[in-house]
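Structure at a glance
Here is how the chains run, residue by residue.
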Amino acid sequence: MKRISKNRIIFHVDLDAFFASCEERESPHFRGKPIVVGADPKQGTGRGVVSTANYTARKFGIHSAMPISQAYRLCPSAIFLPVNGALYSRVSNAVMAILQDFSQTYKGKFEQTSIDEAYIEILGRAASAYNRSYSCDCMQKIANRIRSKILDRERITASIGIGPNMLVAKIASDFQKPNGLTIVKPTDVQKFLDPLPIRKLPGIGPKTETELMKILGSSPSTGAEGATVSHLRKLPQSLLYEHFGRHGISLYESARGIDNRIVGKTTETKSIGEEYTFKEDTGSAREILPILFSLTKNVLRSAQSAGYKDFKTITVKIRYANFKTHTKSLSGNYSIEDINKIEQTALKLLWRFISSLKKIRLIGFRIGRFTKG
Ligand code: TTP
Ligand code: MG
């Protein structure tokens, strides 16, 4: 396996309850109250989903992607707000500019991975000093400077994780949210990961978790607290490969804190997409297709204004009336200007899901793996 210098220092910065924090800063009288950003709850009959909720609303059990009607039932007195994308883009750009500045100060590398997340790799003198002593003081100071600057300038809080690679830094930033700082020294990686639930590892969603629980279920050591990274670590690489293919190899490596990705190398951001919830569930192609094409146009417009020219994946998502959700992707070489080819691909992916017998509640369209022009 390719070895990369052992002691890299990578910061992962993730803004807290991002959309809700932007709303809170615009209307300080909201502070301390539960805020839910997303679809209109329409007194509990609304049909969309929650984009995010602030930490006060999360105490009621409200979270991202939950049906807005359920959020309303959990806390009818919460402040429900629509998504204000222009505001969030403005704040995101300002925060990312601050982070890029820091990365230059520390002769580092920078990579933004979503609207509210970025990695900074610290290089130069600060990195050498840390590698000599592993004293966290210096890294703590840098992290606190970053958080203070974001708070002073943009009036929102961020959580930061610091680790020897992108995987560990990302898990660490989530460890003490909100407004938290977690530093994982290179020598402590396994100690940090072992007790965590397997769901904390990127790439383990509900499906992989269920599958892994089935495999681990026969092991008497998996206690009532559920499977942890240390349980996952007991599974041989060959067994994981048998069950999950290449994804199994990355599970094996993640459980050991191995990640050789390089910060700032990729020119690809994650993806850009949009979803639409129908006012009433429908199985009619005449209602569904115009929505698909309007989502396609909106997404391509956003990608174009972000400066992208080419991309490699198209994904279509559908949610049936019973909430069963499917996504289907197709990889290829697409140019953003080639709208006909993109629409045809989206149609091909969606078509198999359309049937007058099975009504659809939501459709989504997403493109990803960009290359900047
Ligand atoms: P996240 O960083 O995943 O979540 P968050 O910032 O709201 O909360 P946390 O403190 O846990 O980081 O996502 C960033 C923004 O992306 C979020 O504020 C809203 C949007 N988003 C959605 O619209 N739908 C989703 O399902 C998720 C997860 C996020
Ligand atoms: Mg966030």
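Let me begin by describing the structure that accompanies this report. (Residues numbered from 1 in each chain as written. Chains lettered and ligands numbered in written order. Predicted model: local features only at pLDDT ≥ 70, side-chain atom pairs only at ≥ 80, totals over all residues. Heavy atoms only, no water.)

A word on the pairing of strand S5 (residues 109–114)
Two strands pair when backbone bridges link them, and S5 and strand S6 (residues 117–121) are joined in this way by 5 bridges, in the antiparallel orientation. From the neighbouring strand, glutamine 112 faces S6, where its bridge partner is alanine 118. Hairpin connection from S5 to S6: 2 residues lie between these consecutive antiparallel strands. (Pairing = 2+ DSSP bridges. Helix = DSSP H or I, 4+ residues; strand = E, 2+ residues; numbered from the N terminus.)

Section: the pattern of salt bridges
What the rule picks out here adds up to 16 salt bridges. Connected via shared salt-bridge partners are Asp14, Asp16 and Lys177. (Salt bridge = Lys/Arg side-chain N within 4 Å of Asp/Glu carboxyl O.)

Focus: the coordination of the magnesium ion (ligand 2)
Donor atoms from the polypeptide that bind the magnesium ion (ligand 2) are Asp14 (OD), Leu15 (O) and Asp116 (OD), placed at 2.1 to 2.2 Å. For the magnesium ion (ligand 2), the 6 donor atoms are set out with angles of 81 to 174 degrees between them, so the coordination reads as octahedral. In primary sequence terms, the donor set of the magnesium ion (ligand 2) follows D-L-x100-D. For aspartate 14, a relative accessible area of 12% gives the class buried. (Donors = N, O, S within 2.8 Å, 3.2 Å for Na, K, Ca; no water. Tetrahedral: all angles 85-135°; square planar, octahedral: opposite > 155°, others 65-115°. Buried < 20%, exposed > 50% of the residue type's maximum accessible area, 1.4 Å probe, protein only.)

With respect to the packing of aromatic side chains
Applying the stated criterion across every chain, the model contains 10 aromatic pairs. With 5.8 Å between their ring centres and 40 degrees between their planes, tyrosine 72 and phenylalanine 80 make a pair best called tilted. What makes tyrosine 72 buried here is its relative accessible area of 19%. Judged by its relative accessible area of 18%, phenylalanine 80 falls in the buried class. Among the aromatic residues, ring-to-ring pairing joins Tyr308, Phe311, Tyr334 and Phe370 into one connected group. Positioned above the aromatic ring of tyrosine 55 is the side chain of arginine 58, whose terminal nitrogen or guanidinium carbon lies 4.1 Å from the ring centre. Taking the ring centre of tyrosine 252 as reference, the NZ or CZ of arginine 256 above it sits at 3.7 Å. (Phe/Tyr/Trp six-rings, centres within 6.5 Å; stacked < 30°, edge-to-face > 60°. Lys NZ or Arg CZ within 6 Å of the ring centre and 35° of its normal.)

Quick word on the sheet that holds strand S3 (residues 50–53)
In space, the 3 strands of this open sheet follow the order S3-S2-S4, with mixed pairing throughout. Because the sheet does not close on itself, it has two edges, and the strands there are S3 and strand S4 (79–81). Adjacent strand axes in the sheet meet at a mean angle of 25 degrees, parallel and antiparallel pairs treated alike. Across 3 bridges, the pairing between strand S2 (residues 35–38) and S3 is antiparallel. (Axes fitted to C-alpha atoms, helices over the stretch in contact; angles between N-to-C directions.)

Considering the nonpolar core
The biggest cluster of nonpolar side chains holds 40 residues, and the ones touching the most others in it are Phe11, Leu99, Ile122, Ile146 and Ile150. Apart from residues no more than four positions distant in its own chain, isoleucine 146 is found in contact with Phe11, Leu99, Phe102, Ile120 and Ile160. (Core = buried A, V, L, I, M, F, W, Y, C linked by side-chain atoms within 4.5 Å. Contact = heavy atoms within 4.5 Å.)

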